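Residues per chain are reported as follows:
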Amino acid sequence: MRSADLHIGGVKSEAIEVARNRLMVPAFLFVLGFGILALRLVSIGIFEDISDQVIYGQSAQTEIVRERVDILDRNGVVLATNLSAPSLAARPRLITDPEETADRIVAVLPDLNRTRVVNKLKSSRHFLYIRRNLSPTQVWNINALGYPGLILEHAEKRIYPQGRLASHVLGYVDVDNKPQAGVEKFFNDHLSNTVRSNEPLYLSMDIRVQHIVRQELALAMNKFSAKGGAGIVMDVNSGEILAMTSLPDFDGNGSLHPQSSEMKNRNILEPYEMGSGFKAFTIAMALDSGTVKLSDEFDATKPLKIGGRTIHDDHAKERILSVPEIFTYSSNIGSSLIMREVGIDHQKEYLQKFGLFDKPVIELTGLSRSLLPARWEEIQSMTVSYGHGIAVTPLHMVTGVAAMVNGGRLIPATLIRQDSGSESERYDISSDISGFAQDEDYPQVISVETSQRMRHLMRLAVEYGSGGRADVEGYRVGGKTGTAEKVVNGKYSREDKITSFIGVFPMDSPKYVVFAMLDEPVGIEETAYKATGGWVAAPVVGRIIEKIGPLLGILPKDNVKTKYQNLILVEKN
Amino acid sequence: MIKVVVSFFVLMVMISAGTVYSLKETTTRLEARKHKLSAQILKDRAAIKVLRAEMAYLSQPERLQKLSARFLALAPAGWAQMAGAVNAISVREEGGADQRKLVSFPVDEFPLLLPRKKPKFNVAKYDRSIMRASYKSDGPVHRSENSVYRSEGLGKEKQKIITHIRAPKTKKLNFYDRISLKIEENE
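The rules behind these values
- Residues numbered from 1 in each chain as written.
- Chains lettered and ligands numbered in written order.
- Predicted model: local features only at pLDDT ≥ 70, side-chain atom pairs only at ≥ 80, totals over all residues.
- Heavy atoms only, no water.
- Helix = DSSP H or I, 4+ residues; strand = E, 2+ residues; numbered from the N terminus.
- Rg over C-alpha atoms; globule rule 2.2 N^0.38 Å.
- Buried < 20%, exposed > 50% of the residue type's maximum accessible area, 1.4 Å probe, protein only.
- Contact = heavy atoms within 4.5 Å.
- Areas by Shrake-Rupley, 256 points an atom, 1.4 Å probe, with all protein chains shown as cover.
- pLDDT = per-residue confidence, 0-100.
- Salt bridge = Lys/Arg side-chain N within 4 Å of Asp/Glu carboxyl O.
- Polar contact = N/O pair within 3.5 Å; in protein donor to acceptor, adjacent residues only side chain to side chain.
- Axes fitted to C-alpha atoms, helices over the stretch in contact; angles between N-to-C directions.
- Parallel < 35°, antiparallel > 145°, perpendicular 65-115°, else oblique.
- Left-handed = near helix turned anticlockwise from the far one by under 90°.

**Looking at the overall build of chain A**
The secondary structure content of chain A amounts to 20 helices and 19 strands. For chain A, the C-alpha radius of gyration of 36 Å lies well beyond 25 Å, the compact-globule estimate for 573 residues. Its C-alpha atoms give chain A principal-axis dimensions of about 140 × 70 × 45 Å. Going through the 573 residues of chain A one by one, you find that 52% of them count as buried. In chain A, the share of contacts with a sequence separation of at least 24, taken over all contacts with a separation of at least 6, comes to 71%. Summed over all atoms, the accessible surface of chain A reaches about 26,300 Å², with 53% contributed by carbon and sulfur.

As structure tokens, this is what we get:
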């Protein structure tokens, strides 16, 4: 070829020249095209390399079972989860031998009625359901039958592996997985979000503590033939609820009757008159407002007659009592007299500050307001001072007492696990008072000094007073009993009582509030046929603390000295 | 020259086409494998969910408690078993194994009643008068010294006693010998 080229000239060479020039155009286009491709390649390689992975990552994040997010306890134990539970459906037109098919289906699902299945399979409809929510084994067996006319449709079922244990906190869902109560309802936005199906909801509950509380309450309920019970364990420094139980309870997995009494959470739904437990608020406000000193004495020798009514003492000492004695021996007369000193305005102000006038704060639905006296005059203010004529929910009580002992900060109760920080260390009572940082996040209800005094008073009430049966060796339990007569047909009933005990431990550096309440207990021989808070509810709290103390890592201590012992007179024996 | 260049380019084009094709092929295969894997992961996760639920169901505290009561000799941890630091446990030097006092020990198969001092009438016990709580010698909480050491000590002492009795058993002690032995040990 090359040798021939040399001899080309004239017209031929011109034609070749033209051809060469024309070739330049496609050559240029090729270069341009490949240049663009190369540039694009570089830009993809450098700038867009993640986009594909993002899509991949997302596709892996969404679960097969994803309609509702799991609920876990603070240690990661499953409280509620969604499991795949396909529904069995059929296309009757594809079934050739309905009788035989029905026989086989009934063999796998024995609880089905054979006649009904046959009728369904013989019907002329296109598509119908035979059974909802099959278990994995049943799914396998149905697939093994190999009938093309049978269809397994994807469906999910909410499962509560712990059964009744935390039913009132968790709530439940209906057949269509729509939440009806509890955490399920409150956090529905998160729980029903399919994109967040990988982020389980961690509750503040501890399933072990919950079990202990429920078991002890159930035992006491059985022993005293009580109608119901309620129990709460709360962390005083973070407001986390470790256990909340209300008896009788229900099983979220079973068939539910939304109107029955077992569905109501007594801790938040029903206000009760708390009785003497309320005296803690009375003493706290008296000390904090400065109207009463610890060493002040009040005359409790005779029942107090006021406005045509008489206030008696249940454990009458019939002598002059100091303030710690009024609290320890639970004197109604004494607390009424203290309230007279404090005044109605102060009383209302402090009860408001303790959050007793509002709905309790927690992540649950169906919270109940307190029942306050319609008229609030001297006699009402006196009965309120020892917990009659005012009804609050147990959660009100627990939140208020937690504020009373934790340094005076009203911390709202929460069911969500908080990040464990240095919170508890910052408020260690063993450090000096000046070590207390005033926390801006939470309202200061009473001063730190009053809070410290209340700790000692509550310890005294257990050491020398009616709460003695709640004492646990080593754990410095403090608390206050409460016994209130129930209102039946507008009158206070002598027999039907609400007994409660609100306990705090360890008292030298409070960590947990433990509350137990029993509805209408009946005295038995062992308790000398008495059904008061000291006999019924205090031992429950004692046994709960005995078990959860080691579990929660509270270090037992001996010989922790309680202050103000010199203000208390006790019987020598 | 052009021939060489052209053939080179043709070769390059063929090689690069081949590479691109094989790359695409590999990518498709990898893609398919990835989809399979991620589907498998999802399936496994669903299975793990079932297993987790089952584990939670099987480890219900109530069920575990029943099983433990039936099959294990474990009791709930008590307050006396909790210690704040290692130093709080190892106090052998001061406590001393031989300084521990014996609470009781089995002398023989039958219980033995030893003559005791007649209880004195304690006036304070029946005194119902009122006093300040802070003067009370000890409150209702501080019931006992550390019960751990006591039970620990008991085991060792018991063994010692048993060997002590076993040794002369060859000549069979009579009743009074045994009593005197016990009194001796008790001192």
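**Digging into the confidence of the model for chain A**
Overall, the predicted model of chain A reaches an average pLDDT of 85, with 92% of residues at or above 70. Across residues 421–438 of chain A, where pLDDT falls below 50, the model places 30 contacts with residues more than four positions away in sequence or in other chains.

**With respect to unusual backbone geometry**
Most peptide bonds are trans, and most residues other than glycine sit at a negative phi. Residue and element names in this part refer to chain A. Residue Leu 247 is joined to Pro 248 through a cis peptide bond whose omega torsion reads -5 degrees. By the secondary structure assignment, Pro 248 is in the loop between β9 (241–247) and α11 (266–269). Cis geometry marks the peptide bond from Phe 505 to Pro 506, where omega comes out at -20 degrees. Mapped onto the secondary structure, Pro 506 falls in the loop between β17 (491–505) and β18 (512–519). Phi at Asn 133 takes a positive value of approximately 50 degrees, unusual for a residue other than glycine.

**Section: the pattern of salt bridges**
Residue and element names in this part refer to chain A. Under the defined criterion, the tally for this structure stands at 32 salt bridges over all chains. Residues Arg 214 and Asp 249 are paired through a salt bridge, measuring 2.7 Å at the closest nitrogen-oxygen approach. Pair noted here: Arg 214 is in helix α10 (residues 207–223) and Asp 249 is in the loop between β9 and α11, with a separation of 35 residues, a long-range link. Each member of the pair, Arg 214 as well as Asp 249, is classed as buried. Here Arg 375 and Glu 377 are joined by a salt bridge, their closest N and O atoms 2.9 Å apart.

**Remarks on helix α14 (residues 332–342) of chain A**
Residues and elements named next belong to chain A. By the criterion of burial, α14 is predominantly enclosed, with nine of the 11 residues buried. For α14, every residue scored as buried is listed here: Asn 332, Ile 333, Gly 334, Ser 335, Ser 336, Leu 337, Ile 338, Met 339 and Val 342. Where α14 begins, the capping side chain belongs to Ser 331, and its oxygen is found 3.5 Å from the backbone nitrogen of Ile 333.

**Brief notes about the packing of helix α15 (residues 344–353) of chain A against helix α16 (residues 378–385) of chain A**
All names here are of chain A. For the pair α15 and α16, the least separation of the axes is 10 Å and the interaxial angle reads 45 degrees. Judged by the angle between their axes, α15 and α16 are oblique. For the element pair α15 and α16, the recorded crossing hand is left-handed. For the pair α15 and α16, contact is made by Ile 344, Gln 347 and Leu 351 and by Glu 378, Ser 381, Val 384 and Ser 385, respectively.

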